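# Geometric and topological summary
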Amino acid sequence: LFFKLFYFRYVSALYCLACENPVCVDCMNGEHAEHPTDSLENIVDQHLAALQDRVDSAKNRLPQIREAVQCLRDILQQLNSQRSSIEEDIHSSFSELHKTLDTRKSVLLMELEVTYGLKQKVLQAQLDTLLQEEAAINYNCSLTGEALDGGNKAVILQTHKDVGERLSDLASQGLPLQPEENDQLDLMMEIEGLRKSIHNLGTIVTTNAVASQTEASGEGLEQCVVGQPATVIITTRDKSGGLCKTGNAIISAEVCTPDGSVADGEIVDHKNGTYEFQYTVKKEGNFSLALRLYDQHIKGSPFHDGGARKRSAKSPGSRSRQKGVRRGGSLFSTPKKKVNPIEDDLIFRIGTKGRNKGEFTNLQGVAACSEGKILIADSNNQCVQIFSNTGEFHSRFGVRGRSPGQLQRPTGVAVHPNGDIIIADYDNKWVSIFSSEGKYKAKLGSGRLMGPKGVSVDQNGHVIVVDNKACTVFIFQPSGKLVTKFGSRGNGDRQFAGPHFAAVNNNNEIIITDFHNHSVKVFNADGEFLLKFGSNGEGNGQFNAPTGVAVDVNGNIIVADWGNSRIQVFDGSGSFLSYINTAADPLYGPQGLALTSDGHVVVADSGNHCFKVYRYLQ
């Protein structure tokens, strides 16, 4: 009987739609008598289906959440890496400033001593002359006075004979009675201006712009004229949609045609939160435009056919000609070459501090290839820039990140005989290999390297990697197979303390700059020690932390002396030969160094945010 009542009251119960509660049959005769009902089983099935739909909908969000979480972790990791890099740059910059101030102090003290010495020498010589004349006059007058006081005629006659003419000469002799020098020694120092400059020294540059809120507008999103510039305006906004009012955001743009070619273009930062992208297509057809802020697509990007906005390139005759717009310096602009006005070994310099093409932030490694190109590892801009031997910009490639094919902190660069570009990535702890066009091919050393700094290629086509952190030199096949390694931390012949760069001579011997040991070491292809040269100091053949190194066709070794801001040349046995004259436009913390295909020396002048090309007589 109990089971039947239970079944009657609950299993066969109803659901009150008005009250949204289950009710039994008895209740329907009471307060729920006028309410619409349905079977409890139907309602439960409906709720089960609804709950399952909501569970499925919630689960569908999980991949998006996981992707967003990974994105945020990558950004946080990048933010932390940037903070560490900037912190290192701040310490390095102020350390260099301290050194510069100490150097200037020493120069001023030296100038003081030299100037004082010259003046003191003139005045002292004049004083000595007058004192000698005074003593001579006093002596001869005293001698004559004694003769006169004695009254002896014979003595007077003898004195007149011996001293009279001398007294006449002393009385008539021209003497330097007027000072031949002055006592002025003053110090002029513009302390207040320097204090103000130091007070405003350095700026932490950032924006609050986010890609999801940043928008693009302009006629260039709709259509353009073949051969004529089209314009797109990019407006950066923060997470709330508010307009960002400062510049310096990292924006990239890429216009692609169906055949995969890329149109020319440039980005101009108006420094008010808006950016102007101008591009030019060379033929008719549909194309796509990708706009990225901090490597993420902005709202609506990529813009392409069938998307939010349709664009098609038309020939000039199909519409009126667009008005030209003046182009400022930007990612796609051509840098100006600064020619040295003073006669020394400098031919030209390229670069200023910045993030656009021909601008650098902490440039490090340098390479040159037989095709007449110069390659620069632009470390804090996470890219490699390529120029001709005459300084004309050719191209740049590199996307910031920690995935294969991306660059986090490129410090060394080399060119393989097959044309591949080899890049040491210090923060990613591997070496990346790209084609000569900048297309990623492979990586090597992952899991082995701790902080690769410099790279080179030997005559067997092996990749030589200088691991700055591990104080070890690794030799790999291009496939990534380890051939050998040598070195450890220390100051012995086969040890290193922060090694930087490598070069290979005609005997396939490996030359390593040993930064903190202030020396250069030479090894054979198997890693056996051959010789070393250099010691800490400022004299000929001494180093204050050597960095870049190259070898000419005669086996002479060219070394960038970072702490002494100079370039020294040695023969193959390590004997000092000469300097490269850098006096007119002094170096400031030179890093990588290479020989161009036309026989000049190119060096990364890191502290001056440029690279310089010097004459070199081999």
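Going by the structure above, here's the rest.
Residues numbered from 1 in each chain as written. Predicted model: local features only at pLDDT ≥ 70, side-chain atom pairs only at ≥ 80, totals over all residues. Heavy atoms only, no water.

## Focus: the packing of aromatic side chains
- Scanning the entire structure with this criterion turns up 18 aromatic pairs.
- Connected via pairs of aromatic rings, a cluster forms that spans Phe-533, Phe-543, Phe-570, Phe-576 and Tyr-579.
- We note Arg-409 situated over the ring of Tyr-426; from NZ or CZ to the ring centre the distance is 4.9 Å.
- In this structure, Lys-443 is placed above the aromatic ring of Trp-430, and the distance from its NZ or CZ to the ring centre is 4.0 Å. (Phe/Tyr/Trp six-rings, centres within 6.5 Å; stacked < 30°, edge-to-face > 60°. Lys NZ or Arg CZ within 6 Å of the ring centre and 35° of its normal.)

## Some details on helix α4 (residues 153-172)
- Under the 1.5 Å per step criterion, the end-to-end length of α4 is 27 Å for 20 residues, consistent within 8% with the ideal 28 Å.
- Those residues of α4 not exposed but buried are Thr-159, Val-163, Gly-164 and Leu-170.
- Buried-residue contacts for α4 involve α3 (40-150).
- Backbone nitrogen of Ala-154 and a side-chain oxygen of the N-cap are separated by 2.9 Å at the start of α4; the cap is Asn-152. (Helix = DSSP H or I, 4+ residues; strand = E, 2+ residues; numbered from the N terminus. Expected span 1.5 Å × (residues − 1). Buried < 20%, exposed > 50% of the residue type's maximum accessible area, 1.4 Å probe, protein only. Contact = heavy atoms within 4.5 Å. Polar contact = N/O pair within 3.5 Å; in protein donor to acceptor, adjacent residues only side chain to side chain.)

## Details of unusual backbone geometry
- With an omega of 0°, the peptide bond running from Ser-301 to Pro-302 counts as cis.
- Note that Pro-302 resides in the loop between β12 (296-297) and β13 (312-314).
- In this model, Asp-295 sits at a positive phi of 70°, which is unusual for a non-glycine residue.
- Looking at where Asp-295 falls in the secondary structure, it is placed in the loop between β11 (288-293) and β12.
- Accessibility expressed as a relative area gives 36% for Asp-295, which makes it partly exposed.

## Some words on the environment of Gly-412
- Note on placement: Gly-412 falls in strand β22 (residues 410-415).
- With relative accessibility at 1%, the residue Gly-412 sits in the buried group.
- For the pair Gly-412 and Val-455, spaced 43 residues apart in sequence, the C-alpha to C-alpha distance is 5.5 Å.
- Non-local contacts of Gly-412, meaning those with residues more than four positions away in its chain, are made with Gly-365, Ala-377, Ile-422, Ile-423, Ala-424, Lys-453, Gly-454, Val-455 and Phe-501.

## Focus: the nonpolar core
- One finds Val-232, Ile-234, Phe-277, Tyr-279, Leu-289 and Leu-291 to be the most contacted residues of the largest nonpolar core, which totals 24 residues.
- Elements supplying a minimum of two residues to this core: β4 (210-217), β6 (230-237), β7 (251-256), β9 (274-280) and β11. (Core = buried A, V, L, I, M, F, W, Y, C linked by side-chain atoms within 4.5 Å.)

## Overview of the pattern of salt bridges
- Per the counting criterion, the structure on display carries 14 salt bridges.
- Taking the shortest distance from any N to any O, the salt bridge between Lys-119 and Glu-181 comes out at 2.8 Å. Of this pair, Lys-119 sits in helix α3 while Glu-181 sits in the loop between α4 and α5 (191-199), and the two are 62 residues apart along the sequence.
- Ionic pairing is found between Lys-441 and Asp-420, a salt bridge with its closest N-O pair at 3.0 Å. (Salt bridge = Lys/Arg side-chain N within 4 Å of Asp/Glu carboxyl O.)

## What to know about the pairing of strand β40 (residues 610-614)
- With five of its five residues buried, β40 lies for the most part within the structure.
- Taking every second residue as pointing to the same face, both faces of β40 are buried, with Cys-610, Lys-612 and Tyr-614 on one and Phe-611 and Val-613 on the other.
- The pairing of strand β15 (residues 346-350) with β40 spans four bridges and is classified as antiparallel. Each residue of the ladder has a partner; that of Leu-346, found in β40, is Tyr-614.
- The pairing of strand β39 (residues 601-605) with β40 spans five bridges and is classified as antiparallel. Note on β40: the bridge partner recorded for Val-603 is Lys-612.
- The turn linking β39 back onto β40 is made up of four residues, and His-609 within it adopts a positive phi angle of 55°. (Pairing = 2+ DSSP bridges.)

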